[in-house]
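In case you want the letters, here they are:
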Amino acid sequence: MVKIQKSFLNQPHVDIEMKDLTNLEKQKNILNKLKIYRKQDFSYKSGKILGSMCTQPHPIAKKAYMNFMETNLGDPALFPGSKKIEEKYIDFLKKILNAPKKSMGIIGSGGTEGNITAMWLAKKISDKNEIIVPENVHFSFEKIASMMNMKILTINLNDKYVVDIKNIKEKISEKTAAVVGIAGSTELGTVDDIYSLSKICKKNNIFLHVDAAFGGFVIPFLKKLGYRVNDFDFKLKGVDSVSLDAHKMGYSAIPLGTLVVRNKTISDSISVESHCVSTKKQVGILGTRSGGPVAAAYAVSEFLGENGYKNLVQKCMNVTDYAVKRIEDIGLNIIVKPTMNVIGIKLDNPSKVVKKLTDLKWKVNEMERISCIRLVLMPHVSKNTINSFIPDLKKVCKRLGEI
Ligand SMILES: *Cc1c(COP(=O)(O)O)cnc(C)c1O
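My aim in this report is to walk through the structure given alongside it, one point at a time. Residue numbers restart at each chain and count upward from 1, following the sequence in its written direction. The model is predicted, so local features are restricted to residues of pLDDT at least 70 and side-chain atom pairs to those at 80 or more, both for listing and for counting; the totals for chains, interfaces and linings are taken over all residues. Hydrogens and waters are ignored; side-chain quantities use all the structure's heavy atoms.

## A closer look at the overall build of the chain
- Where helices and strands are cited, they refer to DSSP runs of H or I of at least four residues and of E of at least two residues respectively, numbered from the N terminus. In terms of helices and strands, the chain carries 13 helices and 13 strands.
- The C-alpha radius of gyration of the chain comes to 23 Å, within 12% of the 22 Å expected for a compact globule of 403 residues.
- The principal-axis extent of the C-alpha atoms belonging to the chain is close to 75 × 55 × 40 Å.
- In the chain, which comprises 403 residues, the proportion classed as buried is 51%.
- By definition, residues are in contact when any of their heavy atoms lie within 4.5 Å. A fraction of 71% describes how many contacts in the chain between residues 6 or more apart in sequence connect residues 24 or more apart. As a reference, a globule follows 2.2 Å times the number of residues to the power 0.38, and the radius of gyration itself is taken over C-alpha atoms. Per-residue accessibility, obtained with a 1.4 Å probe over protein chains only, is compared with the maximum for each type, and a residue is labelled buried under 20%, exposed over 50%, and partly exposed between these values.

## Some remarks on the environment of Val324
- With respect to the secondary-structure elements, Val324 resides in helix H11 (residues 292–329).
- Judged by its relative accessible area of 12%, Val324 falls in the buried class.
- In the structure, Val324 is positioned 77 residues away from His247 in sequence and 25 Å away in space, judged by C-alpha atoms.
- Val324 has contacts with Ile334, Pro338 and Ile343, leaving out every residue within four places of it along the chain.

## So, helix H12 (residues 350–359)
- Burial in H12 covers these residues: Pro350, Val353, Val354 and Leu357. Down the axis of H12, the buried side of the element spans an arc of 100°, and every buried residue falls inside it. Relative to its buried face, H12 has exposed residues pointing more than 90 degrees away, namely Lys355 and Asp359.
- Where H12 is buried, its residues touch strand E12 (365–367), strand E13 (372–376) and helix H13 (383–399).
- Lys361, located one to two residues past H12, shows a positive phi value of around 75°. Comment: arc refers to directions from the helix axis out to C-beta atoms.

If you want it as structure tokens, here you go:
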């Protein structure tokens, strides 16, 4: 039982409420009810989730999360220790993104918020409202257009399923607020030619945002492993901001996304005076936010280190290569050779295949735009998972005439 102060007990209404608040029997009953709902969820452990970009977080994430759950990074004077963890985590991200000293990081809820914040910045500093994006851009840009009254100009992809650079130049005008490049697309894990985008944007003095929500925790480690992948980070001088999610390939808990911005001085344009809390100004979208996810992500980064992430990415790539081989062996085709741990399986009727696979309890996603189903080979997916998936995929595809 929680000890209740005498002065509290002298106030009769509080006394009743506090007793009620700590009633263990009642707590147990409610938690049991919640369990019933939780059982309806799919679990990563089941080995049936093949379409999610999230995964079972590393065990240390849960412990760190619980220890910091009630801390509030929106009021850092109350939680200076949590604030220090946040700074350390941002330093870690800057390092893996080759960000310069004068850069800064904003931690938020995910890739959607990272993109919104980046476009808010671009709009404020340019006072313009057009965004040039590849046609495979994440749907968060639809929200951005609606929320901030911005106009989205889409550029088609080339036969490698990355943005067609020559069409970008034509769309740039005096109305352009930003260009967006994708490093690890949601559909296929492809990486745009950010080097060329960087050159074009630098020349035209246009804000370049790189959406690396998924790829930000993959590409740096693929490079260390010797894979040939396009550059995407602050090494390229035209890149102004990069968003990346720790709750995807960062192996940590939801919600955690970040936006790293090359030039700290521009952050003033998205800050407001913050009365009632301990800071003078608050940058970014969120106010009150828990230190839990930040402590979790930091703990995972400390536990794994760059080497740990490298090994994790290697493991995911091994499973990806294995899956591609097994998929091709049963007579199906993939859309494009995977750049990272995402596979698109070409199908005539993906929605029917997904439906039949769902009946067999597999969770895979249909990518309507390119007539395929997508597998994301996250850390919870093993070769054994693939071994049990392939016979079901084969059976379903045979029945539907796909092979
Ligand atoms: C997942 C994803 C997002 C959105 O991130 P959330 O964390 O779901 O808000 C944005 N961009 C890309 C490329 C993504 O893969």
